[in-house]
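Chain residues, written in single-letter form:
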Amino acid sequence: MESWLFLAAILIVSLLAKNQSLIIATAVVLVLKALPISEKVLPVIQSKGINWGVTVISVAILVPIATGQIGFKELISAFKTPAGFIAVGCGVLVAVLSAKGVGLLAASPEMTVALVFGTIMGVVFLKGIAAGPVIAAGIAYTILTIFNLVPIH
């Protein structure tokens, strides 16, 4: 019963904040939870969903290459400016932090609750986008490592 109430609260907050992505995500999870096969479907989505999401995002990122909007000329141009180098560096940093974040989530599943709550707060109150729980986990991992606080199980 608690999970239904929690999801309903998230749906209400996302409706009040008019955050379409979170409204759709919460509604989908509520519908899936109501299905008789939810005990089989939800764990699969939990374990594979981030990879599916990354794949969809990757497809969206590659479309401008497929349509010819971005080519080698634009790639070379990116390396001619400080902003281009910073963007490449940030891309590398996000990839590394995401990998560390996945490791942290695997080692400390309780971190997921705090990260999800923080993501919801950022989406609802700061007009953010819920694309960063894994990156957030990577940042958390980095900070915890700096302060020698990485949870060990």
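For the structure itself, look to the data block above.
Notes on the structure follow. Given the structure is predicted, the values throughout are model-derived calculations rather than measurements.

1. As for a nonpolar patch on the surface
- On the surface, a cluster of nonpolar side chains totalling about 800 Å² of accessible area is made up of Phe-72, Leu-75, Ile-76, Phe-79, Phe-85, Val-88, Val-92 and Val-96.
- Every element with two or more residues in the nonpolar patch is listed here: helix H4 (72–78) and helix H5 (82–107).
- Looking at the nonpolar patch element by element, the count peaks at four residues for H5.
- Topologically, Ile-76 is positioned in helix H4.

2. Focus on unusual backbone geometry
- You will see that Lys-18, though not glycine, has its phi angle at about 55°, which is positive.
- Among the structural elements, Lys-18 can be located in the loop between helix H1 (2–16) and helix H2 (20–34).
- When its relative accessible area of 72% is taken as the criterion, Lys-18 is described as exposed.

3. Description of the nonpolar core
- One finds Leu-104, Leu-105, Met-111, Leu-115, Ala-137, Ala-140 and Leu-144 forming the largest nonpolar core, which totals seven residues.
- Where this core is concerned, the elements lending two or more residues are H5, helix H6 (110–126) and helix H7 (133–146).
- Here this core gets three residues from one element, more than from any other, and that element is H7.
- Within the second largest apolar cluster, six residues are counted, among which are Ile-10, Leu-22, Val-123 and Val-124.

Rules and cut-offs
Residues numbered from 1 in each chain as written. Predicted model: local features only at pLDDT ≥ 70, side-chain atom pairs only at ≥ 80, totals over all residues. Heavy atoms only, no water. Patch = residues over 30% accessible without salt bridge, like charges linked within 9 Å, V, L, I, M, F, W, Y side chains within 5 Å. Areas by Shrake-Rupley, 256 points an atom, 1.4 Å probe, with all protein chains shown as cover. Salt bridge = Lys/Arg side-chain N within 4 Å of Asp/Glu carboxyl O. Helix = DSSP H or I, 4+ residues; strand = E, 2+ residues; numbered from the N terminus. Buried < 20%, exposed > 50% of the residue type's maximum accessible area, 1.4 Å probe, protein only. Core = buried A, V, L, I, M, F, W, Y, C linked by side-chain atoms within 4.5 Å.

In short, geometric facts, not functional conclusions.
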